Amino acid sequence: MDRAEHQVALHPTIFVIFGITGDLAARKLLPALLSLYSKKLLPKRFSVVGFSRRPFNREEFRDFLRSRLNIRFGQYKEEDIKHFLDHIVYVQGFFDQSDSFRLLSSKLAEIDKLWGQCSNKLFHLSVPPNLYEGILHKIHDSKLALPCSDETGWTRILIEKPFGNDTKTAQSLDALLAKLFKEKQIFRIDHYLAKESLQNILAFRFANSMYEPIWNYRFIDRVHIKLFEADGMNNRGRFYDSIGAIRDVGQNHMLMMLALIAMEKPASFSSNDIRSARAHVLKKLKSISPKSLVKQVVRGQYNGYISEEGVKPNSKTETYVRLETELSISRWKGVPFYLETGKSMSETKTEIDVYFKNTEDKKSEHDPAKQNILTFRVQPDEGIKVRFFVKTPGIGLHTEAKTLKFKYSDVASFAVIPDDYERLINDVFVGDQTLFASTDEIMASWKFITPILENWSKLPLKKYNKGAIEVE
Ligand code: BG6
C-alpha cells in the first residue's frame, strides 16, 4: 500500500502569513518552517512574509519572533535560526484596508523581481475565523490569488478549522473560496489527519490481511473514540467560548478519526481516492433526531469554566461531549460509534478502542471484561495494543486478559514522529491534498453536526469537576 515517495519542493515560494504575530504562527507555523528549513526541505529561494497590524521595524520584528518562537534552545544550530529569520519579512497592515493589501502585493512583486522569477505564493489565514471572509475579499480585490505567470508559479490557500459554524456558514465560506481559487488550490487544515499515528490506522488496516475479514458488524461490537485533554482554556477562553467542544474538535478531528476507522479500502492510495473514501463514511453518518438527542448525546461543562479569562459569566458553552452514532453502511450495520471529548479531564489522551464481540458466550457480548480490544493510541505514547485472553497456568481452565503492545517509543526508527504542521506545510508546497479535508468531507460533517446544534440548548448541561471524568 505504498503511496508516492516523499517529495521536496523546489520552485521559489513565498509563504504569506496573515496574523504572523498570533499564537498559531508562534506555536506551530514558524517552528515547523524552521524545522523544514534546517532539514533542507524548503526551496532554496523561499521567503515568509508576515502581515499584521503591529508596528515593528526590522530589528524589533526579529526580536519579537525570536522571543515567541516555540522551540527548545539547543534544538537548532544558532546559525540555522539566524539564517531562517533572514528569510522572514514583515508588512504592517490592516486586514480591512485595501492600501495594506496593495502594499503586500508590491512587497511580493519586489521579492519576485529580486529573484528574477515568478514565485509560488501560499497564503495562510492565521487569524480568528470571523476575519476569513474579509481577508479573502481583499485577496480577491488586490488580485493576489492570480498567479504571476501562466507557466510557473502557483497560488494556494491554507485555511484553518473551524471551517464555518454550521452548514450554512461553511457553504458560504466554501462558495467564496471557490470564487477565488480552484479546488486544487485550497488546503483545508485538520491537523489530526497529519498525525503519524492516524496515518498508521490505514497502514495497519490495509497492510495486514488478518483484520480486513473481521472489520465489520459481525465481529465488531462498538468503537469508542476519545480525545481527552487535562488542560482547560490556556488563554483561549474567548475563542473557545464562542464555539465549544463539538465545533472545536467534534465536527473535525473526531469525525476524521471515525472516517479512518470505518472507510472502505480506497480504489488506490491517490489523494482523490483516499479523500472520497473518507467522505463516503461521513456522508453515511446517521443523523440524530431531536427526539433521540437526550439518549444519544451528553454535554457538560467543567466547574470553574465560567471564571476562565474571556469566558462569559453565564456561558452555556460545553467543554465536554459524548455522542453515540451509527453508519448507514452494510459493513457497520448496528455498530455504535461513541465519540467522547473534553477539556479538564483526568488525563490527556487520544485513542480509539475497537471492541470485538465475545464469540464464546453471546449473552456476555457487552461485558467489556470479556472482549478483545484493539486500541490505536494516537497520543501521547503513540502505539497500538491488542487485548487478548490466555489460559491462566494451573490445573483448571481459566483465562485471563493480556496485552500485545507496539509502542513507537520502543522502536528507535519510530522514535522521531514528524510534527503535524511540518507534514502539512511540506504537502501544501508539493501540492498533495491527501491530508487536507475536502469540501465533501466538510459538508458531510456539518450535515451531521448542524441538526445536533440546532437543538443544543434543549440538552441539559451537566457540570463536572476538573479532572473528575474518569478515563477507562
Ligand atoms: C485544536 C483545538 O484543533 O486541537 C484545541 O482547537 C485542541 O482545542 C487541539 O486542544 C488538540 O490538538 P492536539 O494536536 O494537541 O491533540
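Reading the values: the criteria
Residues numbered from 1 in each chain as written. Predicted model: local features only at pLDDT ≥ 70, side-chain atom pairs only at ≥ 80, totals over all residues. Heavy atoms only, no water. Helix = DSSP H or I, 4+ residues; strand = E, 2+ residues; numbered from the N terminus. Rg over C-alpha atoms; globule rule 2.2 N^0.38 Å. Buried < 20%, exposed > 50% of the residue type's maximum accessible area, 1.4 Å probe, protein only. Contact = heavy atoms within 4.5 Å. Areas by Shrake-Rupley, 256 points an atom, 1.4 Å probe, with all protein chains shown as cover. Lys, Arg positive; Asp, Glu negative; His and termini not counted. Charge placed at Lys NZ, Arg CZ, Asp CG, Glu CD. Disulfide = S-S within 2.5 Å. Phe/Tyr/Trp six-rings, centres within 6.5 Å; stacked < 30°, edge-to-face > 60°. Salt bridge = Lys/Arg side-chain N within 4 Å of Asp/Glu carboxyl O. Domains from an automatic or database assignment. Buried area = accessible area lost by both parts, 1.4 Å probe. Polar contact = N/O pair within 3.5 Å; in protein donor to acceptor, adjacent residues only side chain to side chain. Nonpolar A, V, L, I, M, F, W, Y, C, P; charged D, E, K, R; others polar. Pairing = 2+ DSSP bridges. Near = heavy atom within 4 Å. Axes fitted to C-alpha atoms, helices over the stretch in contact; angles between N-to-C directions.

Okay, the overall build of the protein next. Scanning the protein for helices and strands turns up 13 helices and 16 strands. Relative to the 2.2 N^0.38 estimate, which gives 23 Å for 472 residues, the radius of gyration of the protein is 24 Å and therefore close to what a compact globule would have. Along the longest, intermediate and shortest principal axes, the C-alpha atoms of the protein span 80 × 50 × 40 Å. Buried positions account for 54% of the 472 residues belonging to the protein. Considering only residue pairs separated by 6 or more positions, the protein has 76% of its internal contacts joining residues 24 or more positions apart. Counting only carbon and sulfur atoms, one obtains 51% of the accessible surface of the protein, whose full area is about 22,400 Å². Measuring between centres, the 70 positive side-chain charges of the protein sit 3 Å from its 59 negative side-chain charges.

A few words now on the state of the cysteines. As enumerated under the stated definition, the model contains 1 disulfide in all. One disulfide bridge connects Cys118 with Cys148, the sulfur atoms lying 2.0 Å from each other. Measuring handedness by torsion sign, the sulfur bridge of Cys118 and Cys148 sits at about 95° and is right-handed. Here Cys148 lies in the loop between α5 (132–141) and β5 (155–159) and Cys118 lies in the loop between α4 (98–115) and β4 (120–125), a separation of 30 residues in the sequence. For Cys148, a relative accessible area of 42% gives the class partly exposed.

Our next topic: the packing of aromatic side chains. Under the counting rule described, the total for this entry stands at 24 aromatic pairs. Their ring planes at 35° and their centres at 5.7 Å tell us that Phe51 and Phe95 sit as a pair that is tilted. Note that Phe51 is positioned in strand β2 (residues 46–52) and Phe95 in the loop between β3 (88–92) and α4, a separation of 44 residues in sequence. Take Phe51 and Phe95: they sit in the same class, and that class is buried. Their ring planes at 80° and their centres at 6.2 Å tell us that Tyr211 and Trp215 sit as a pair that is edge-to-face. Judged by its relative accessible area of 9%, Tyr211 is buried.

In this section: the pattern of salt bridges. Applying the stated criterion to the full structure yields 29 salt bridges. The closest approach of N and O atoms between Glu326 and Lys286, which form a salt bridge, is 3.3 Å. Here Glu326, found in the loop between β9 (320–325) and β10 (337–342), pairs with Lys286, found in the loop between α10 (271–283) and α11 (293–296); they are 40 residues apart in sequence, far enough to count as distant. With relative accessibility at 23%, the residue Glu326 sits in the partly exposed group. Note that Lys349 is salt-bridged to Glu351, the shortest N-O span being 3.1 Å. Taking the relative accessible area as the measure of exposure, Lys349 reaches 5% and is therefore buried. Given the relative accessible area of 5%, Glu351 is considered buried.

As a further point, take the domain arrangement of the protein. Parsing the protein into structural domains produces domain 1 (13–160) and domain 2 (193–419 + 429–464). The gap between the C-alpha centroids of domain 1 and domain 2 is 34 Å. Of the roughly 570 Å² buried between domain 1 and domain 2, counting both surfaces, carbon and sulfur atoms make up 75%. Together, Pro129, Arg156 and Leu158 form the three largest contributors to the area buried by domain 1 at its contact with domain 2, with a combined 36%. Scanning the region where domain 1 abuts domain 2 turns up 0 salt bridges. Counting across the interface, domain 1 meets domain 2 through 1 residue pair in polar contact (both at pLDDT 80 or more). For the side of domain 1 that touches domain 2, the secondary-structure elements that each account for two or more residues are β1 (13–18) and β5. Its residues assigned to classes, the side of domain 1 that touches domain 2 shows 8 nonpolar, 1 polar and 1 charged.

Another point: the side chain of Ser142. Residue placement: Ser142 occurs in the loop between α5 and β5. Setting aside chain neighbours within four positions, we find Ser142 in contact with Phe101 and Ser105.

Turning our attention to the sheet that holds β1. Taken together, the 7 strands give an open sheet; going across it, the order is β3-β2-β1-β4-β5-β6-β15, and neighbouring strands pair in mixed fashion. Two strands close off the open sheet at either side, each with one partner strand: β3 and β15 (436–437). Note: β1 against β4, 6 bridges, orientation parallel. If you follow Thr13 over to β4, its bridge partner there is Asn120.

Near the ligand, the surroundings consist of Lys161, His191, Tyr192, Lys195, Glu229, Arg236, Asp248, His253, Lys343 and Gln379. At a separation of 2.7 Å, an oxygen atom of the ligand approaches a polar side-chain atom of Lys195. Relative to its unbound accessible surface of 400 Å², the ligand loses 79% to contact with the protein. Taken together, the residues of the shell around the ligand sort by class into 1 nonpolar, 3 polar and 6 charged.

Read from one edge of the open sheet, 9 strands run β14-β13-β12-β11-β7-β10-β9-β8-β16, paired in mixed fashion. Looking along the sheet, the strands with just one partner apiece sit at the ends: β14 (399–407) and β16 (461–464). The sheet shows a mean angle of 20° between the axes of neighbouring strands, taken without regard to direction. Two strands pair when backbone bridges link them, and strand β12 (residues 373–379) and strand β13 (residues 383–391) are joined in this way by 5 bridges, in the antiparallel orientation. Its bridge partner lying in β13, Leu374 is registered against Val386.

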